[in-house]
Amino acid sequence: MIMKKKDFTRRKFIATVSAGSVAAVMSKVIPKFRNITIVNNNTRKLAILGGSPVAPEKVWPKWPYVDERVVEEIVKTTRSGIWCRIQSPTGTVPTFEKEFANLIGSKLSVCTGSGTQALSTCVEALGIGPGDEVITSPYTDPGTISSILTSRALPVMADLDPEYYQLDPDDVEKRITENTKAIMPVHMGGQSCNMERIMAIAKKHNLRVIEDAAQAHLAEYQGKKVGTIGDLGCFSFQSSKTIACGEGGAIIGNDEELMDKCFTVQNHGTNHKGRTERIGPKYRMNEFEGAILLGQLPGVKERFALRNKNAAYLTSRLKDFPGLLPQKLYEGTVSGSFYLYMMSYHKENFNNASRNNFLKALEAEGISLSTYLPNGLHKEPWIDHILTLKVYQKMYSPSRLKRYREELSLPNCDKVCDKMAMIWASGPLLGTQSDMDDVINAVMKVYDNRDELNSI
Ligand SMILES: Cc1ncc(COP(=O)(O)O)c(C=O)c1O
């Protein structure tokens, strides 16, 4: 059913009707996504103004995921005395590497101590260093940028596709120079970038692609798991992620020679045969992290499917609602990880109330949304720090550094940051349909009271 704007005000008429008499009527006149059971004056009044909240003391499924298997794996590792991956070829880390590669559908996997370390290992293994440039997103965790800086390459940020929150392939292509060596697309929220376009651009300009799939475990695009599309793919297992062990990361890839290099780089330059042959930090994952990950693998596909189901449900309930627009997914997206369930807040539909007031009112109803990043990373002070470092001044010409500063205007990213309202979804999207209804009901209640929002 296509919703007309006037439908959004229809609920007003039931404001003072009693709960019992209204249920049958509501199902006929209230658009499907509203499905609201708030019917008396106190529940209709915004909680922030003294009304009853939609979801008082809301408890979401706990995250990170812990069950007896996870605990048993840690105890087993503790007792075994095998705490470091090089102590045994059948320890938890080598075992998890095999299982993770199988799960994602790549030939090989190398684990690291974090997602940042995984990305950094890839940059180094690809021979990218001072004087080189890597194009990436400004809308990401600092770890993405840090992985490029660690090799003293230049992170060049391109603007976003504003409704998708992902790198805009056209803007990526505009920023390619003779020194560009790679593109590092970030699958924001855990949903795929426009990889068809990004891969075509990389091919045309002979560039490597390191997928930052830190948020995108098991997500699928055009029949391939995210992370397997570029030359290398990187994941994070930091506590909040949909597969988590506190701090951890993994690289996946099919090119054996390149994956061997990745192993060697993260193993302080020492190869599989024990020979130290190149520059490399010590980024090895430890066996306790491997134990947690092994313990977490059973059920991972079911949890992934449930997040996708709940995300699809939320999106269907928000369909045609102009106030909160869910992240758009590229054609070819089969599934996302839904590490984040991302939306844009459109204040013009909320009586021009600020996002801050909207979020405050929503929180009082029992539903907390996050703004994620206050700014894109192009606005952070690291830029001054980096560009004044000796190594950057030596390796990049003054005109390149001047142009770098001049090209830091990324208006789409700024708009995305200003409008973002999202759910940290690893735990919440494992909830019930009724949990999802709580989110929507709270949003709709705030929407119905939008005239009050400017005075809270
Ligand atoms: C998109 C993205 N890239 C990189 C990272 C860095 O991963 P880690 O925190 O495991 O170092 C994160 C972590 O949040 C991330 O979300």
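Not measured: the values here are computed from a predicted model. (Residues numbered from 1 in each chain as written. Predicted model: local features only at pLDDT ≥ 70, side-chain atom pairs only at ≥ 80, totals over all residues. Heavy atoms only, no water.)

1. Points about the sheet that holds strand 12 (residues 324-326)
The 3 strands lie next to each other as 12-14-15, forming an open sheet whose pairing is antiparallel. The two strands at the open ends of the sheet, each matched to only one other strand, are strand 12 and strand 15 (420-424). Taken over all neighbouring pairs, the strand axes of this sheet differ in orientation by 30° on average, direction set aside. (Pairing = 2+ DSSP bridges. Helix = DSSP H or I, 4+ residues; strand = E, 2+ residues; numbered from the N terminus. Axes fitted to C-alpha atoms, helices over the stretch in contact; angles between N-to-C directions.)

2. Focus: the pattern of salt bridges
Between side chains of opposite charge, pairing is possible as soon as their charged atoms come close. The full count for this structure, using the stated rule, is 21 salt bridges. Residue Lys225 is joined to Glu220 by a salt bridge in which the shortest nitrogen-to-oxygen separation is 3.8 Å. Across the pair Lys402 and Glu406 runs a salt bridge, and its minimum N-O distance is 3.1 Å. Placement of both Lys402 and Glu406 in helix 15 (residues 398-406) is noted, with a separation of 4 residues, approximately one turn of the helix. On the basis of relative accessible area, Glu406 is assigned to the exposed category, the value being 52%. (Salt bridge = Lys/Arg side-chain N within 4 Å of Asp/Glu carboxyl O. Buried < 20%, exposed > 50% of the residue type's maximum accessible area, 1.4 Å probe, protein only.)

3. Overview of the nonpolar core
Of all hydrophobic cores here, the largest spans 95 residues; its most connected members are Phe100, Tyr139 and Phe237. By size, the runner-up hydrophobic cluster in this structure holds 34 residues, among which are Leu46, Leu369, Ile440 and Met444. (Core = buried A, V, L, I, M, F, W, Y, C linked by side-chain atoms within 4.5 Å.)

4. Structural notes on the layout of surface pockets
The calculated volume of the largest pocket comes to roughly 420 Å³. Put simply, the parts of the chain that give the lining of the largest pocket at least two residues each are helix 4 (92-104), strand 1 (108-112) and helix 9 (256-266). Residue contributions to the lining of the largest pocket peak at 5 residues, all from helix 4. Looking at the lining of the largest pocket residue by residue, the class counts come to 8 nonpolar, 7 polar and 5 charged. (1 Å grid on protein atoms, 1.4 Å probe; cavity = no way out; pocket = protein on both sides within 12 Å on 5 of 7 lines; lining within 4 Å. Points joined across faces, edges and corners; volume = space filled by probe spheres on them. Nonpolar A, V, L, I, M, F, W, Y, C, P; charged D, E, K, R; others polar.)

5. Focus on the site of the ligand
Residues in close proximity to the ligand total 15 residues, the closest being Gly115, Thr116, Asp212, Ser236 and Lys241. A distance of 2.8 Å separates an oxygen atom of the ligand from a polar atom in the side chain of Gln215. A distance of 2.6 Å separates an oxygen atom of the ligand from a polar atom in the side chain of Lys241. In the complex, the protein chains occlude 92% of the 390 Å² of accessible area that the ligand would expose alone. Looking at the shell around the ligand element by element, the count peaks at 3 residues for helix 5 (residues 115-125). Tallied by class, the residues present in the shell around the ligand amount to 3 nonpolar, 9 polar and 3 charged. (Near = heavy atom within 4 Å. Polar contact = N/O pair within 3.5 Å; in protein donor to acceptor, adjacent residues only side chain to side chain. Areas by Shrake-Rupley, 256 points an atom, 1.4 Å probe, with all protein chains shown as cover.)

6. Things to note about helix 3 (residues 68-80)
End to end, helix 3 covers 18 Å across 13 residues, agreeing with the expected 18 Å (1.5 Å per residue, within 8%). Among all positions of helix 3, only Val70, Glu73 and Thr77 are buried. Along helix 3, the residues classed as buried sweep out an arc of 60° about the axis, all on the same side. Counted as exposed and oriented over 90 degrees from the buried face of helix 3: Glu68, Glu72, Lys76 and Arg79. Of the surrounding secondary structure, the elements contacted by the buried residues of helix 3 are helix 4 and helix 10 (287-296). By the N-cap criterion, in which a side-chain oxygen at the helix start approaches the backbone nitrogen of a residue two or three places on, helix 3 is capped by Asp67, the distance to Arg69 being 3.0 Å. Taken from the residues just after helix 3, Gly81 is the one with a positive phi, measuring 75°. (Expected span 1.5 Å × (residues − 1). Arc of directions from axis to C-beta. Contact = heavy atoms within 4.5 Å.)

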